[in-house]
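As a plain string of letters, each chain reads:
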Amino acid sequence: MEALHSDVKEVLLSEEDIHQIVSRMGEQITRDYAGKNPLVVAVLRGAVVFTADLMRAIDCPMSVDFMAVSSYGEAAKSSGVVRIVKDLDTKIEGRDVLIVEDILDSGLTLSYLIDLLKGRGPASVEVAAFLVKDVTGKTPAIEPRYVGTHVPDEFIVGYGLDFAERYRNLPYIGILKPEVYQK
Ligand SMILES: O=P(O)(O)OC[C@H]1O[C@H](OP(=O)(O)OP(=O)(O)O)[C@H](O)[C@@H]1O
Ligand SMILES: Nc1nc2[nH]cnc2c(=O)[nH]1
Ligand SMILES: [Mg+2]
């Protein structure tokens, strides 16, 4: 196993843990979307690593498109305002849409996206979230159909999740040392 990054306090999920979770989620999605042709919507940038793995664990016809939104910018706390940086290139009317997210924290990003995409007349909109953070005071209950696992209320990095655009390339999920983002 590779050495722990010096800015990471603790590893929550190893590469092996991640692989097992993604396989299980892929099986569930494959079963539920049999005979359909879902459009997987990856939310850039955080979800890109998870999406790349999840797609390969889905064994039914599907397509993928990307949307970029950002609410955290360079900060460790949401600005409260979700910005669309890139919209879908695909028409979703009548499609089964599966939004793929790396983490559900305050819920702001997903509640914004779900409302936006539902307004375009899809057949269905579901969410696959790799991580759900256990925080109090989440934006109106979002219940993702597919959840990888729950994480504590700390700042998480790795496997696509960044702080100020760093650490996305760590192959594991870890807790960032507070002194790094409080600097
Ligand atoms: O539930 P929330 O409190 O809205 O937080 C979750 C969102 O925050 C992060 O994205 P961010 O806006 O930082 O952009 P990024 O994906 O480009 O890192 C993460 O990837 C989720 O999309
Ligand atoms: N990297 C990272 N991005 C987030 N966006 C919302 N919560 C988090 C988190 O814990 N870590
Ligand atoms: Mg994101």
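Going by the structure above, here's the rest.
Keep in mind that this is a model prediction, so the values were computed, not measured.

Visitor: For this particular structure, what's the right way to read the site of ligand 2?
Guide: Taken together, Tyr-72, Ile-103, Asp-105, Lys-133, Glu-154, Phe-155, Ile-156, Leu-161 and Asp-162 make up the full set of residues near ligand 2. In the environment of ligand 2, a nitrogen atom lies 2.7 Å from a nitrogen or oxygen atom belonging to the backbone of Ile-156. Each residue belonging to the shell around ligand 2 can be placed in one class, and the counts come to five nonpolar, no polar and four charged.

Visitor: Sorry, what's going on with the sheet that holds strand S1 (residues 8-13) here?
Guide: What holds strands together in a sheet is hydrogen bonding between their backbones, with the strands either parallel or antiparallel. Strands sit in the order S1-S9-S8 across an open sheet of three strands; the sheet is antiparallel. The sheet is open, and its two edges are formed by S1 and strand S8 (156-157), each paired on a single side.

Visitor: What am I meant to see in the side chain of Ser-111 here?
Guide: Mapped onto the elements of the fold, Ser-111 is located in helix H3 (residues 108-118). By relative accessible area, Ser-111 is classed as buried at 17%. In this structure the side chain of Ser-111 is engaged in a polar contact, spanning 3.2 Å, whose partner is the backbone oxygen of Leu-108.

Visitor: Help me out: how do you make sense of the nonpolar core in this one?
Guide: Judged by nonpolar contacts, the single largest core of 25 residues is most densely connected at Leu-54, Phe-130, Leu-131 and Ile-173. For this core, the elements supplying multiple residues, two or more each, are helix H1 (15-32), helix H2 (48-56), strand S5 (96-104), strand S6 (124-133), strand S7 (146-151) and strand S9 (173-176). Here this core gets five residues from one element, more than from any other, and that element is H1. Sequence-distant contacts of Leu-131, that is, excluding residues within four places in its chain, are made with Leu-13, Asp-102, Ile-103, Leu-104, Thr-149, Val-151, Ile-156, Leu-161 and Ile-173.

Visitor: Could you clarify how one ought to interpret the sheet that holds strand S3 (residues 63-70) in this entry?
Guide: The strand order S4-S3-S2-S5-S6-S7 describes an open sheet built from six strands, whose pairing is mixed. Sheet topology places strand S4 (83-86) and S7 at the edges, where each strand pairs with a single neighbour. Between one strand axis and the next, the sheet turns through 30° on average, direction left out of account. Sheet topology note: the strand S2 (residues 39-44)/S3 ladder contains six bridges and is parallel. Among the inter-strand pairings, Val-40 is bridged to a residue of S3, identified as Val-64. Where H1 meets the sheet, its contacts fall on S5, S6 and S7, and the angle it forms with S7 comes to roughly 150°. Of the strands in this sheet, S2, S3, S4, S5 and S6 touch H3, which is tilted by about 170° from S5.

Visitor: Before we go on, may I ask you to explain the environment of Leu-161 in this structure?
Guide: In this fold, Leu-161 is placed in the loop between S8 and S9. Accessibility expressed as a relative area gives 8% for Leu-161, which makes it buried. Sequence separation of Leu-161 and Val-48 is 113 residues, and the distance between their C-alpha atoms is 9.4 Å. Sequence-distant contacts of Leu-161, defined by excluding residues within four places in its chain, comprise Gly-46, Asp-102, Ile-103, Leu-131, Ile-156, Arg-166, Tyr-167, Arg-168 and Ile-173.

Criteria and cut-off values
Residues numbered from 1 in each chain as written. Chains lettered and ligands numbered in written order. Predicted model: local features only at pLDDT ≥ 70, side-chain atom pairs only at ≥ 80, totals over all residues. Heavy atoms only, no water. Near = heavy atom within 4 Å. Polar contact = N/O pair within 3.5 Å; in protein donor to acceptor, adjacent residues only side chain to side chain. Nonpolar A, V, L, I, M, F, W, Y, C, P; charged D, E, K, R; others polar. Pairing = 2+ DSSP bridges. Helix = DSSP H or I, 4+ residues; strand = E, 2+ residues; numbered from the N terminus. Buried < 20%, exposed > 50% of the residue type's maximum accessible area, 1.4 Å probe, protein only. Core = buried A, V, L, I, M, F, W, Y, C linked by side-chain atoms within 4.5 Å. Contact = heavy atoms within 4.5 Å. Axes fitted to C-alpha atoms, helices over the stretch in contact; angles between N-to-C directions.

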